[in-house]
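Residues per chain are reported as follows:
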Amino acid sequence: MSVTTPRGFRAAGVAAGLKTSGGADVALVVNDGPDAGVAGVFTTNRVKAAPVLWSQQVVQGGVVRAVVLNSGGANACTGPAGFQDTHATAEHTAAALTSVSPRLILGAGEVAVCSTGLIGERLPMPKLLPGVRSAIRRLSRDGGVAAAEAIMTTDTRSKTTVARGSGWTVGGMAKGAGMLAPGMATMLCVLTTDAVAGPAALDEALRAATRVTFDRVDSDGCMSTNDTVLLLASGASGIEPTPAELAAAVTAACHDLAQQLVADAEGATKQIAIDVVGAADEDDAVEVGRSVARNNLVKTALFGNDPNWGRILAAVGTTAAAFEPDEVDVAVNGVWVCRGGAAAEDRSKVDLTGRDVTIRIDLHAGTSAATIWTNDLSHAYVHENSAYST
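The rules behind each value
- Residues numbered from 1 in each chain as written.
- Predicted model: local features only at pLDDT ≥ 70, side-chain atom pairs only at ≥ 80, totals over all residues.
- Heavy atoms only, no water.
- UniProt positions renumbered as here; feature names shortened; annotations may be inferred.
- Salt bridge = Lys/Arg side-chain N within 4 Å of Asp/Glu carboxyl O.
- Helix = DSSP H or I, 4+ residues; strand = E, 2+ residues; numbered from the N terminus.
- Buried < 20%, exposed > 50% of the residue type's maximum accessible area, 1.4 Å probe, protein only.
- Arc of directions from axis to C-beta.
- Polar contact = N/O pair within 3.5 Å; in protein donor to acceptor, adjacent residues only side chain to side chain.

The name given to the protein in an unreviewed UniProt entry is Arginine biosynthesis bifunctional protein ArgJ, and the organism recorded there is Micromonospora zamorensis. Turning to the protein, the UniProt annotation filed under Subcellular location (unreviewed entry) states: "Cytoplasm". Its UniProt record, at the heading Function (unreviewed entry), says of the protein: "Catalyzes two activities which are involved in the cyclic version of arginine biosynthesis: the synthesis of N-acetylglutamate from glutamate and acetyl-CoA as the acetyl donor, and of ornithine by transacetylation between N(2)-acetylornithine and glutamate."

Draft legend 1. Quick look at the pattern of salt bridges. Scanning the entire structure with this criterion turns up 14 salt bridges. Linking Asp264 and Lys159 is a salt bridge whose minimum nitrogen-to-oxygen distance equals 2.7 Å. Placement of the pair is Asp264 in the loop between helix H6 (243–263) and strand S10 (271–279) and Lys159 in strand S6 (residues 159–164), with a sequence separation of 105 residues. Put simply, Arg347 and Asp306 hold a salt bridge, and the shortest N to O gap is 2.5 Å. Residue Arg347 is found in the loop between strand S13 (342–343) and strand S14 (356–362), and its partner Asp306 is found in the loop between helix H8 (296–303) and helix H9 (309–316); the two are separated by 41 residues along the sequence. Judged by its relative accessible area of 36%, Arg347 falls in the partly exposed class. A single network of salt bridges, built from pairs that share partners, joins Asp155, Arg157, Lys159 and Asp264.

Draft legend 2. Geometry of H8. Among the residues making up H8, those that are buried are Val298, Lys299, Ala301 and Leu302. One side of H8 carries all its buried residues, which in axial view fall inside an arc of 160 degrees. The N-capping residue of H8, defined by a side-chain oxygen 3.0 Å from the backbone nitrogen of Leu297, is Asn295. Just downstream of H8 lies Asn305, where phi reads positive at about 60 degrees.

Below, the structure is given as structure tokens:
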């Protein structure tokens, strides 16, 4: 159940001393297969971390043989020196891999780099580079679990997945518990497949998948500087799926990881699905769902087990979506507490004692729909983020 489940991939995760906790903080994923196609999607935040800028260039080349990832430092807002650190990491990884696996013969332009952690500080390169060498020594077909653990920051558990095609497989790992908001990816994620697929096919499948999964996660409305999702293909299965088959498997893997991200969101006590139906178009449905997901009054009400539909309706009203206020219906966990923009069923019928919450909003303006996933806003979230950098 990891990035090494598809054939042709090895991985590792090691402790290099980047984290003060002493936990694993450097991960490496290597593609040994006959192919090395890649696709990637990245944060749309205008403030982009050095590894994002680097990996965007690498992905344009269409070939990636290795991905090196670190937690314990984002390498964001570190200027030209930070970008040089990323470049040096890629060069070091390529040279070290080539020295132990001459058949790979990597260049720095075939190594993607991902970083996560505190913004504004340079990485301790005297620790990171030896950590890369240590990870190379520990590369194995069973290393996917260790790699997933090494990229965790405030995550309480690692996140891995597998989706199976007919004779081929998609595997994946992700990290993310805070700064989860759309803008393409919402976290770090590496997906692998042993299917035969070139960069164009991978890009089409990945963008279709992220549009309805990671882009629909909106935990806290905060967009990261480091968001990266990479999809690597080894071709080791020898099977070329149809575009629809590839997209379906990649979407399944991304959906599973997206749900794991929401379930592990910082301080969350509720996992909330906001289903918007009856919208004039999909964009309207997404806008309405996102407005509710980002509304702190709604999120705190749900933390307090209060089905406060008035706050939900007020959030809907801040959007530019097409609807008539006196035609909107709202249900919370199956109870239609609002009909036609006014009170309906007794709100005391809503059971919010469990973790899972579903809000259904019918705009009665069309036939389009979309779902946004979020969580509540708790005391624990405030505490964790007020103490994170100290």
